[in-house]
Amino acid sequence: MLPVLKQTLRWIPLVVGVIAVLARFWVVDHGFPDVNEEATSVRLAMLMWDRDTGDIDLNPHFFNYPALTFYLNAAAQSVYRFIANPTSPDSVTDRVPLDLVRIGRLINILSMIGIAWITYLLGKMLMPRRWALWSGALMLVIPLFIRYSVTSIVDIPLTLFTSWCLLEIARAFRRPTEDGSIRIGLAIGLAASVKYTGALLAVPYLLTLLDRSNWRSLRFLLTPAPYLAGATAIIVFLVTNPYVALDFDTFYEHFSFEREHAATGHFGKSASSILTYLIALWDGLGPLGLAALLAGLISTTV
């Protein structure tokens with residue numbers, strides 16, 4: 001009886017994950033026609049291809065976010081237009097067709113599946129496989145991801161590439177290779193190409209290299225690893241955001257605004273109490289996710 005029960009329990013995280021994914025597809029139209037901020041990437045992608053004239057302009061003329069998600073949406077929209085050939089889609093107030101918003105949401109749902117899979121792979125490196133399965137399933141039921149993975153905002157693809165980068169950093173810590181350094185640079189470049197803050201992933205990578213040298217020297221700077229990763233990240237960022245260089249004046253103007261935004265915080269709040277962040281953790285992770293976070297912190301410090 002006990003082996004049968006154990007075998008049955010192994011399927012629970014998979015069942016939870018499948019239900020969580022199917023539920024996202026089920027509610028992909030939620031909130032229509034009000035799409036608020038999430039329409040930004042979809043609208044900018046749509047404007048790259050003028051359907052009436054056939055003109056294509058890959059310059060987003062908007063650099064508050066990097067352009068990778070715009071291009072992903074534009075590619076998906078092009079495939080949809082060729083296959084479905086929509087003639088009179090329903091539109092929201094800023095003239096963004098709802099079917100294109102739906103495509104942006106589907107991209108994020110697929111990204112969320114990738115996040116769960118990468119979390120499972122990372123979990124396998126740190127814990128038994130059964131708990132790694134639970135860690136992947138948990139990512140799909142965290143309230144923050146439930147709320148945002150059924151929108152087309154850029155933070156979900158950012159989380160996807162961040163997760164991949166952390167997985168590659170963990171692999172490099174165990175067995176550093178030149179190929180691993182290139183993959184880390186690729187992940188950092190893609191993350192920064194979704195949102196500029198993705199470039200901060202260079203910090204944990206450099207700390208990992210420093211940790212491998214036992215925190216006693218900077219000898220890792222004499223190895224190819226940081227330079228391979230750095231060069232790859234820069235090349236990837238420029239390839240996926242060419243108009244950062246080609247339209248530098250507009251980029252600098254918009255990027256300067258985002259720097260001020262980051263300094264003042266959302267809604268102009270330059271400082272927040274610790275209670276604000278604790279409430280955000282509770283709202284974002286939920287009781288199960290918060291319990292897992294606390295358990296992880298305790299296990300690494302005891």
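Before reading further, recall that the structure is shown in the block above.
Values in this document were obtained by computation on a predicted structure and should not be read as measured data.

**Some words on the packing of aromatic side chains**
Per the stated rule, a full pass over the model turns up 11 aromatic pairs. Ring geometry for tryptophan 117 versus tyrosine 120: centroids 5.3 Å apart, planes at 40 degrees, classification tilted. Of this pair, tryptophan 117 and tyrosine 120 are both found in helix H5 (residues 98–126), three residues apart, which corresponds to roughly one turn of the helix. A relative accessible area of 52% means that tryptophan 117 is categorised as exposed. For tyrosine 120, a relative accessible area of 9% puts it in the buried group. Here tyrosine 196 and phenylalanine 237 contribute two aromatic rings whose centre-to-centre distance is 6.4 Å and whose plane-to-plane angle is 55 degrees, an arrangement assigned as tilted. Taken together, the residues tyrosine 196 in the loop between helix H9 (178–194) and helix H10 (202–212) and phenylalanine 237 in helix H11 (residues 225–240) connect sequence positions 41 residues apart. On the accessibility criterion, tyrosine 196 (17% relative accessible area) is buried. Among the aromatic residues, those joined into a ring-pair cluster are Phe63, Tyr196, Phe237, Phe248, Phe251, Tyr252 and Phe255.

**Section: the nonpolar core**
Judged by nonpolar contacts, the single largest core of 51 residues is most densely connected at Phe70, Phe161, Cys165, Ile184 and Tyr205. Per-element tally for this core: the top contributor is helix H8 (residues 155–174), with 10 residues. In this structure, phenylalanine 70 is in contact with Ser41, Leu44, Ala45, Met48, Pro60, Phe62 and Tyr65, ignoring residues within four places of it in sequence. Grouped together as the second largest cluster of nonpolar side chains are nine residues, Val35, Val42, Leu100 and Ile103 included.

**Some words on empty space enclosed by the protein**
Taken as a whole, this structure holds one cavity of 30 Å³ or more when the rule is applied. Looking at the largest cavity, its volume works out to about 50 Å³. What lines the largest cavity is simply Thr69, Leu72, Asn73, Gly104, Ile107, Asn108, Ser152, Ile153, Val154 and Pro157. Among the elements of the structure, helix H4 (68–84) and H5 are those that each provide at least two residues to the lining of the largest cavity. For the lining of the largest cavity, the per-class residue count stands at five nonpolar, five polar and no charged.

Criteria and cut-off values
- Residues numbered from 1 in each chain as written.
- Predicted model: local features only at pLDDT ≥ 70, side-chain atom pairs only at ≥ 80, totals over all residues.
- Heavy atoms only, no water.
- Phe/Tyr/Trp six-rings, centres within 6.5 Å; stacked < 30°, edge-to-face > 60°.
- Helix = DSSP H or I, 4+ residues; strand = E, 2+ residues; numbered from the N terminus.
- Buried < 20%, exposed > 50% of the residue type's maximum accessible area, 1.4 Å probe, protein only.
- Core = buried A, V, L, I, M, F, W, Y, C linked by side-chain atoms within 4.5 Å.
- Contact = heavy atoms within 4.5 Å.
- 1 Å grid on protein atoms, 1.4 Å probe; cavity = no way out; pocket = protein on both sides within 12 Å on 5 of 7 lines; lining within 4 Å.
- Points joined across faces, edges and corners; volume = space filled by probe spheres on them.
- Nonpolar A, V, L, I, M, F, W, Y, C, P; charged D, E, K, R; others polar.

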